[in-house]
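# Working through the structure, step by step
One-letter residues, chain by chain:
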Amino acid sequence: MSDWAPIAKEYDPLKAGSIDGTDEEPHDRAIWRAMLARYVPNKGVTGDPHLTLFVARLNLQTTEEKLKEVFSRYGDIRKIRLVRDLVTGFSKGYAFIEYKEERALMKAHRDANRLIIDQHEIFVDFELERTLKGWIPRRLGGGFGGKKESGQLRFGGRDRPFRKPINLPNMKNDFYGEGSAEKRNWSREGSRDWRTRDRDHDRSRDKRWPERERSWTWGESERDSKEERSRGRERKDRDRKDRDRDRSRERDTKKQRDDDKHR
């Protein structure tokens, strides 16, 4: 645990597929594919890899001129390579930017990540293809990051760093009786047979039974009192309605008498 780090110092597809880098078996086929891959970095790529940034999640309409305008504010740029499809010539949404000085590289790496360019939040990291040992690209099942919907998240990079493993006590040995001989060899005084255990269980159940009866009796009495109060309210409502109806009849009778007198 002393050598744990949130960012991978060497690319291991099996560890990259684990949220804390502790998996011992691959959980998807892409990890198997990455473990079996023999990737060789593109020798046709030129420039200093230690002065190059990887810029991803670009708007497909973003051009080299736009990237130069944004990233030149951090320092002098030596070269910008916007990766395009060989057939269509359209942008693939990522680029590589090489700076002349390491100070400019570090400043862009710190400040340009999650910057908004052409309505897209970009992702900025160091170039890993030529700098990280054992690197396997995403198309071969490796890489870093990924989307939850794909079920193929990769950890250990800037986008999704490793989470620190939780140290839990190892209870397996004692649970299966694989601990020390002292723990395995119980004394006769400390062990109990099934009859004794069942008898104790019956006793405890007999003790709990009166408590349950009391709780049920209390519940029934409370329910009866609620029903009695409800019936009392209903009687009061009926009495009030009867009184109102009698008063209305009296008023109507009196009014009829007054009308007869005036006639």
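Everything discussed here concerns the structure shown above.
None of the values given here were measured: they were computed from a predicted structure. Just so you know, the residues in each chain are numbered from 1, in the order the chain's sequence is written. Local features in a predicted model are, by the rule used here, given only for residues with pLDDT of at least 70; side-chain atom pairs are given and counted only at 80 or more, and totals for whole chains, interfaces and linings are based on all residues. Based on all heavy atoms of the structure, the side-chain values leave hydrogens and waters out of the count.

### Here we look at helix 4 (residues 102-111)
Condition: The cut-offs for exposure are 20% and 50% of the maximum accessible area for each residue type, with area from a 1.4 Å probe on protein chains only; residues under the lower value are buried, those over the upper are exposed, and the others partly exposed. Only DSSP runs of H or I reaching four residues or more are called helices, and only runs of E reaching two or more are called strands; each is numbered from the N terminus. Relevant arc is that of directions from the helix axis to the C-beta atoms, nothing else. Working rule for contacts: check all heavy atoms of both residues, and any pair within 4.5 Å makes them a contact.
All buried positions along helix 4 are accounted for by Ala104, Leu105, Ala108 and His109. All buried residues of helix 4 lie within an arc of 135° about the axis, which places them on one face of the element. Relative to its buried face, helix 4 has exposed residues pointing more than 90 degrees away, namely Glu102, Arg103 and Arg110. Check the buried side of helix 4 and you find it contacts strand 1 (52-56), helix 3 (64-71), strand 3 (91-99) and strand 6 (123-126).

### Brief notes about the pattern of salt bridges
Applicable threshold: Think of a salt bridge as a Lys or Arg side-chain nitrogen and an Asp or Glu carboxyl oxygen that are within 4 Å of each other.
As enumerated under the stated definition, the model contains 9 salt bridges in all. With its nearest N and O atoms 2.7 Å apart, the salt bridge here joins Glu127 to Arg130. A salt bridge links Asp242 to Arg245, with the nearest nitrogen and oxygen atoms 2.4 Å apart. Of this pair, Asp242 and Arg245 both sit in helix 7 (residues 194-262), separated by 3 residues, roughly a single helical turn.

### Remarks on the environment of Glu121
Mapped onto the fold, Glu121 is located in strand 5 (residues 120-121). For Glu121, a relative accessible area of 45% translates into the label partly exposed. Taking the C-alpha atoms as reference points, Glu121 and Leu58, 63 residues apart in sequence, are found 7.5 Å from one another. When neighbours within four sequence positions are excluded, Glu121 is seen to be in contact with Arg57, Arg114, Leu115 and Ile116.

### Here's the deal with the sheet that holds strand 6
How we decide: Two strands are said to pair when DSSP picks up at least two bridges between them. For helices, the fitted line uses only the C-alpha atoms of the stretch in contact; every axis is such a line through C-alpha atoms, and the angle between N-to-C directions lies from 0 to 180 degrees.
Reading across from one edge, 2-3-1-6 is the order of the 4 strands in this open sheet, with antiparallel pairing throughout. Edge strands, defined here as strands with exactly one partner in the open sheet, are strand 2 (77-84) and strand 6. Averaged over neighbouring strand pairs, the angle between their axes works out to 20° when direction is ignored. Judged from the 4 bridges that link them, strand 1 and strand 6 form a sheet pairing that is antiparallel. The partner of Ala56 across the bridge, within strand 6, is Phe123. Running at roughly 140° to strand 2, helix 3 makes contact with strand 1, strand 2, strand 3 and strand 6 of the sheet. The strands touched by helix 4 are strand 1, strand 3 and strand 6; relative to strand 6, the strand with the most contacts, the crossing angle is about 145°.

### Describing a nonpolar patch on the surface
Short version of the rule: Only residues whose relative accessible area exceeds 30% and that form no salt bridge enter a patch; like-charged residues are grouped when within 9 Å of one another, and nonpolar side chains (Val, Leu, Ile, Met, Phe, Trp, Tyr) when within 5 Å. Accessible surface is estimated by sampling points in the Shrake-Rupley manner with a 1.4 Å probe; for residues, cover comes only from the protein chains shown.
Side chains of Trp32, Met35 and Leu36 sit close together on the surface and give an oily, nonpolar patch of about 330 Å² of accessible area. Turning to its location among the elements, Leu36 is positioned in helix 2 (residues 29-36).

### Remarks on the nonpolar core
What counts here: Think of a nonpolar core as a cluster: buried Ala, Val, Leu, Ile, Met, Phe, Trp, Tyr and Cys residues, connected wherever their side-chain atoms sit within 4.5 Å.
Core analysis: the biggest nonpolar cluster contains 19 residues, and Val55, Leu58, Phe71, Tyr99, Ile122 and Val124 have the highest contact counts within it. Those residues within four positions of Phe71 in sequence are excluded, and the remaining contacts are Val55, Ile77, Ile97, Tyr99, Ala108, Ala112, Ile117, Ile122 and Val124. Membership of the second largest hydrophobic core comes to 13 residues, among which are Tyr11, Tyr39, Phe155 and Phe162.

### With respect to the side chain of Asp20
Basically, it comes down to this: Counting rule applied: Lys, Arg positive; Asp, Glu negative; His and chain ends not counted. Nitrogen and oxygen atoms within 3.5 Å of one another constitute a polar contact, given that in protein one can donate a hydrogen and the other can accept it, and given that sequence-neighbouring residues count only through two side-chain atoms.
With respect to the helices and strands, the residue Asp20 is situated in the loop between helix 1 (13-16) and helix 2. As a buried residue without a salt bridge, Asp20 has its nearest oppositely charged side chain in Arg163, at a separation of 9.2 Å. At 2.9 Å, the side chain of Asp20 forms a polar contact with the side chain of Ser18. A distance of 2.6 Å separates polar atoms of two side chains, one belonging to Asp20 and the other to Thr22. With sequence-adjacent residues up to four places away left out, Asp20 is seen in contact with Trp4, Phe162, Arg163 and Pro165.

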